[in-house]
Amino acid sequence: MFKRVVVGAIMIGLTGCSTVSDWFADEEELKIRRIPAIQNQITPKVVWDYNLGDGVNGYYSRLRPAFANDKVFVAERHGEVAALAPDTGKALWHKNFAIFPDESFWDDIARLWRSGASAKLSAIAAGYNMLFVASEDGLVRALNVDTGETIWEATVAGEILATPAMDEGILVLNTGAGILFGLDVKTGEQLWRSETDVPPLSLRGISGPAASNGGALVGTPTGKLQVNILNSGIPAWETAITAPSGATELERIIDVDSTPVVFGTNVYIVSYDGTLAALELHSGRILWKREYGSYRDLAVSGNKIYVVDNRSIVYALDRRNGVELWSQGGLKQRNLTAPVVTDTHIVVGDKWGLLHWIDQEEGSLVARYDLGGDDEDEAIYTAPIVVNDLIVTITRDGDVAALSAK
């Protein structure tokens, strides 16, 4: 009876806290995570959900869902990959690439209760009726989008930490070793490689490549935007976006980790240390620069650029001249994802599992949805994607959800 009373008292006491983890948070963190309530102007709701293994857990990852061929593709770090119906979330096929050391009869039986070693999946991308699945070990698989069957496998030197790009039948991969690869999308054959310098100290992430107009574009850890001819890998031009400064290696980190965004005849890129730039696509000439620092991808829509900076302040700028249109600091220090653009809003996720809708014109917070239950294990760690009229996102624990907001 005494034990029941004690447990009951503890549970009553817990109702006064937002979460049990508040006990282990300092005052500054509590101030950040106890976000003020807002009145939702639209009503987000979950249309479907799907659980995919263990997600990425506490590992650094940009393993983002993909949408193509009327399918939503999702993956988790340990090795599970699935294709889902976009309207219901029903699994159309499911594969597991976790590593098992042997292929004997008894090992096949052991698969029923053992999970194997992690495949360290790090990125997926869809195109050419294939799903390309990459790993931190430099392994790339091409899967049939309708069945999940492996078409080819290839290995490159270095960790693949960013989403591949593709165009003109070439798959472009950027690696942590500072090497950019071009592979034949049909066979996985290496067509070319291009190397760049890597400084002694850089961020864990790397720039995702972009492939457009006959060029492979990528940011470098030395603060440059580099363009290679897509068919040959030969460097076309490179432009320094920023330059190192400071006395220590930490102060001199100038990585360009965001994916270049090609829009019309221009390309937009941002560096970690504080330079957002617009350049001419064909020459690399800088059109304008502004002081915004980020390692997240930009979003460009119409005449606006949306950027989430290193402090998780959200900005909208005029893409033609870099003039700031508005800023939203109400989500500061919440470790926001890169923004995704819908018809009238932009959407970001945060480290406590909340999704936030921001008005495109005014920058005001118009809605919020608690998907992760204020739990860092259920953080939204990578930018959501737009699937028809839905927002599809995934948490660190592998919970996939599709939400509508009307």
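Structure's up top.
Residues numbered from 1 in each chain as written. Predicted model: local features only at pLDDT ≥ 70, side-chain atom pairs only at ≥ 80, totals over all residues. Heavy atoms only, no water.

K.L.:
How should I be thinking about the packing of aromatic side chains in this particular structure?
P.N.:
One pair of aromatic rings is described through two measures. These are the centre distance and the angle between the planes. All chains considered together, the criterion is met by five aromatic pairs. Centroid distance Phe 73 to Trp 93: 6.2 Å. Interplanar angle 45°. Geometry classified as tilted. Here the residue Phe 73 occupies a position in strand β3 (residues 71-75), and Trp 93 occupies one in strand β5 (residues 91-96), the gap between them amounting to 20 residues. For Phe 73, a relative accessible area of 0% corresponds to the buried category. Pairing Phe 132 with Trp 152 gives two aromatic rings, centres 6.0 Å apart and planes at 45°, and the pair type is tilted. With a gap of 20 residues between them, Phe 132 in strand β7 (residues 130-135) and Trp 152 in strand β9 (residues 150-155) connect regions that are remote in the sequence. You'll find Phe 132 and Trp 152 in the same group, each marked buried. (Phe/Tyr/Trp six-rings, centres within 6.5 Å; stacked < 30°, edge-to-face > 60°. Helix = DSSP H or I, 4+ residues; strand = E, 2+ residues; numbered from the N terminus. Buried < 20%, exposed > 50% of the residue type's maximum accessible area, 1.4 Å probe, protein only.)

K.L.:
When you look at the layout of surface pockets in this model, what are you seeing that I'm missing?
P.N.:
Taking a probe equal in size to a water molecule and rolling it over the atoms shows the remaining empty space. Reported here for the largest pocket is a volume of approximately 1,200 Å³. Along its surface, the largest pocket is lined by 45 residues, and Arg 64, Thr 163, Asp 297, Thr 382 and Ala 383 are the ones closest to its centre. Those elements that provide at least two residues to the lining of the largest pocket are β2 (66-68), β6 (121-127), β10 (165-167), β18 (261-263), β22 (299-301) and β30 (385-387). Taken together, 15 residues line the second largest pocket, and the ones lying closest to its centre are Thr 342, Asp 343, Asp 389, Leu 390 and Ala 405. Breaking the lining of the second largest pocket down by element, the ones donating at least two residues are β31 (390-394) and β32 (399-405). By residue number, the principal contributor to the lining of the second largest pocket is β32, which donates three residues. In terms of residue class, the lining of the second largest pocket is built from seven nonpolar, five polar and three charged. (1 Å grid on protein atoms, 1.4 Å probe; cavity = no way out; pocket = protein on both sides within 12 Å on 5 of 7 lines; lining within 4 Å. Points joined across faces, edges and corners; volume = space filled by probe spheres on them. Nonpolar A, V, L, I, M, F, W, Y, C, P; charged D, E, K, R; others polar.)

K.L.:
I keep staring at the nonpolar core and nothing clicks. Help me out?
P.N.:
Of all hydrophobic cores here, the largest spans 32 residues; its most connected members are Phe 73, Val 81, Leu 131 and Val 400. Excluding residues that lie within four positions of it along the chain, Val 81 makes contacts with Val 74, Ala 75, Trp 93, His 94, Lys 95, Phe 97, Leu 121, Leu 131, Val 133 and Leu 143. In this structure, Met 130, Val 140, Ile 160 and Ile 179 belong to the second largest nonpolar core, which totals 18 residues. (Core = buried A, V, L, I, M, F, W, Y, C linked by side-chain atoms within 4.5 Å. Contact = heavy atoms within 4.5 Å.)

K.L.:
Looking at this structure, how should I read the side chain of Thr 337?
P.N.:
Relative to the helices and strands, Thr 337 is located in the loop between β25 (324-328) and β26 (340-341). With residues up to four places along the chain from it excluded, the contact list for Thr 337 reads Arg 296, Val 308, Val 348, Gly 349, Ile 380, Tyr 381, Thr 382, Ala 383 and Pro 384.

K.L.:
How do you make sense of the sheet that holds β7 when you look at a structure like this?
P.N.:
What holds strands together in a sheet is hydrogen bonding between their backbones, with the strands either parallel or antiparallel. Taken together, the four strands give an open sheet; going across it, the order is β6-β7-β8-β9, and neighbouring strands pair in antiparallel fashion. Of all strands in the sheet, those with a lone pairing partner are β6 and β9, marking the two edges. Strand-to-strand twist across the sheet, computed as the mean angle between neighbouring axes with direction ignored, equals 15°. Here six bridges tie β6 to β7, and the two strands are oriented antiparallel to one another. Paired with Ala 125 across the strands is Phe 132, a residue of β7. (Pairing = 2+ DSSP bridges. Axes fitted to C-alpha atoms, helices over the stretch in contact; angles between N-to-C directions.)

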